[in-house]
Amino acid sequence: VQEIGRQVGKTFWNCKKAIEVCLAIPHARVKYASAFLSSVEEYVIPNIKRVLADCPDYLRPKYLESKRKYQFRNGAELKLIGLDRDPDAGRGPYCDLYIIDEAGFVKTLASIIDDVILPMFNTRPWGRIVLSSSSPKTPGHPFIAFAEKYKALDSYIMMTIDQNTDLTRERIEEMKKEYESETAMLRELYCKRIIDESLAIIPEWDEKYCVATEPDEFRPFYFNYTFMDLGVKNDFTAGLLCYYDFLRAKLVVEEEFGMKGPDMTTLKLANLIKE
């Protein structure tokens, strides 16, 4: 997992690594996906051209524009994918390297990894998945969970704009001043996991409110409350299970739940609340 700020060079490095794998492994299959197809066209392809600028002709791959694929002479191929258009486009019998650029902005990141990507590595124990992104707009995005998981496994790197040796300190300070929003600047350049208040349902929320609360002897007499936002089709049905602590005059949220998809039926929802 690469949690790296903007303009540090992560896309160039990823493109270089993708080409290295294709050159090293005959008939390799490498997938380079980005959150948006427009991103593939605007900065992935230009970075690949930079990497191949001094490539000798006998190693240079052929780009098949209609298929968005680089075909190498040893049978390897590098496929470019825009996940906004087709999340399942990366399916295949096997894969040696799968890179997701802008992973922090892929809406269904967890399901794409589980359903599409992981099965392709069953016969490729040497294969790798690279999740690369600046910090997402909300710390609740699955990318952050992957970052924390693989940080514990020593498979994580964080880099900020300060580590771009091509930029002077003066230029970095100029770039920071150009941002209208300090929140956006800290997130995009310094990988600060800050909630974008314009997107948050409760902007003033802070994790400090999550504390263990032991019920007192009057708990059986307090009223219980269920708050729910009912979803339709692909939307989550989200609920809070609470009680009002009369003596402390506080609303205590004991538990939360979420349901979606085929599991979301009235009967199952009712049983979940009762449970």
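Since the model is a prediction, treat every value here as computed from it, not as a measurement.

### A look at the overall build of the protein
Alright, step 1. Looking only at helices and strands, one finds seven helices and 11 strands in the protein.
Alright, step 2. Relative to the globule expectation of 19 Å for 275 residues, the C-alpha radius of gyration of the protein, 23 Å, shows a markedly less compact shape.
Alright, step 3. Taking the principal axes of the C-alpha coordinates as reference, the protein spans close to 80 × 50 × 30 Å.
Alright, step 4. Of the contacts made within the protein by residues no fewer than 6 positions apart, 62% connect residues no fewer than 24 positions apart.

### Points about the environment of Met264
Alright, step 1. On the secondary structure map, Met264 appears in the loop between β11 (250–259) and α7 (266–274).
Alright, step 2. Judged by its relative accessible area of 23%, Met264 falls in the partly exposed class.
Alright, step 3. Spatially, the C-alpha atom of Met264 lies 8.9 Å from that of Gly231, the residues being 33 residues apart in sequence.
Alright, step 4. Setting aside residues up to four positions removed in sequence, Met264 forms contacts with Leu230, Thr237, Met259 and Leu269.

### Re the packing of aromatic side chains
Alright, step 1. Under the counting rule described, the total for this entry stands at three aromatic pairs.
Alright, step 2. The interplanar angle of 25° and the centroid separation of 6.5 Å between the aromatic rings of Tyr225 and Phe227 together place this pair among those described as stacked.
Alright, step 3. What makes Tyr225 partly exposed here is its relative accessible area of 36%.
Alright, step 4. Positioned over the ring face of Tyr243 is Arg219, at 3.9 Å from the centre of the ring.

### Looking at the pattern of salt bridges
Alright, step 1. Summed over the entire model, instances satisfying the criterion amount to 19 salt bridges.
Alright, step 2. One salt bridge connects Arg193 with Glu3, and the closest N-O pair in it is separated by 2.6 Å. Of the two residues, Arg193 sits in the loop between α6 (182–190) and β9 (224–229) while Glu3 sits in strand β1 (residues 2–4), which places them 190 residues apart along the sequence.
Alright, step 3. Here Glu20 ties to Lys17 by a salt bridge, and the two come within 3.0 Å at their closest N and O atoms.

### Regarding the sheet that holds β11
Alright, step 1. The sheet built from three strands is open, its strands ordered β9-β10-β11 with antiparallel pairing. With partners counted over all chains shown, the strands left at the sheet margins are β9 and β11, one partner each. Put simply, the sheet's adjacent strands are angled 20° from each other on average, direction ignored.
Alright, step 2. Here β9 pairs with strand β10 (residues 237–245) via six bridges, running antiparallel. Across the sheet, Tyr225 pairs through a bridge with Cys242, a residue of β10.
Alright, step 3. Lying over the sheet, α7 contacts β9, β10 and β11, oriented at roughly 145° with respect to β11.

### Observations concerning the sheet that holds strand β8 (residues 157–159)
Alright, step 1. One open sheet accounts for eight strands, arranged β3-β4-β5-β2-β6-β7-β1-β8; its pairing is mixed. The strands lining the two open edges of the sheet, one partner per strand, are β3 (62–64) and β8. On average, each strand axis in the sheet is tilted by 15° relative to the strand beside it, whichever way the strands run.
Alright, step 2. When β1 meets β8, the two strands line up parallel, connected through three bridges.

### Quick notes on the packing of helix α5 (residues 169–178) against α6
Alright, step 1. With their axes 10 Å apart at the nearest point, α5 and α6 run at an angle of 140° to one another. Of the possible angle classes, the one that applies to α5 and α6 is oblique. Each of Arg169, Ile172 and Lys176 in α5 lies in contact with α6, whose residues at this interface are Met185, Leu189 and Tyr190.
Alright, step 2. Classifying every residue of the contact of α5 with α6 gives four nonpolar, no polar and two charged.

The rules behind the values
- The residue numbering used here restarts from 1 in each chain and proceeds along that chain's sequence as written.
- In keeping with the model being predicted, local features are shown solely for residues with a pLDDT of at least 70 and side-chain atom pairs are shown and tallied solely at 80 or more, while totals for entire chains, interfaces and linings include all residues.
- To obtain the side-chain values, all non-hydrogen atoms of the structure were included, while hydrogens and water were left out.
- Helix numbering and strand numbering both begin at the N terminus, where a helix is a DSSP run of H or I of at least 4 residues and a strand a DSSP run of E of at least 2.
- Taken over C-alpha atoms, the radius of gyration is set against a globule rule of 2.2 Å times the number of residues to the power 0.38.
- Contacts are residue-level and defined by heavy atoms, with any inter-residue pair within 4.5 Å sufficient.
- Burial status follows relative accessibility: with a 1.4 Å probe on protein chains alone, a residue under 20% of its type maximum counts as buried, one over 50% as exposed, and anything between as partly exposed.
- Note on ring pairs: Phe, Tyr and Trp rings are taken, using the six-membered ring of Trp, and paired if centres are within 6.5 Å. Classes follow the plane angle, with under 30 degrees stacked, over 60 edge-to-face and the rest tilted.
- Think of it as a cone above the ring: NZ of Lys or CZ of Arg counts as a charge over the ring if it is within 6 Å of the ring centre and within 35 degrees of the ring normal.
- Whenever Lys or Arg places a side-chain nitrogen within 4 Å of a carboxyl oxygen from Asp or Glu, that contact is recorded as a salt bridge.
- Here, a strand pair is defined by DSSP locating no fewer than two bridges between the strands.
- To obtain each axis, a line is fitted to C-alpha atoms, and for helices this fit is confined to the stretch in contact; angles are then taken between N-to-C directions over 0 to 180 degrees.
- Should an angle lie under 35 degrees it is considered roughly parallel, over 145 roughly antiparallel, and from 65 to 115 roughly perpendicular; all remaining angles are considered oblique.
- In this count, Pro and Cys sit with the nonpolar residues alongside Ala, Val, Leu, Ile, Met, Phe, Trp and Tyr, while Asp, Glu, Lys and Arg are called charged and the others, Gly among them, polar.

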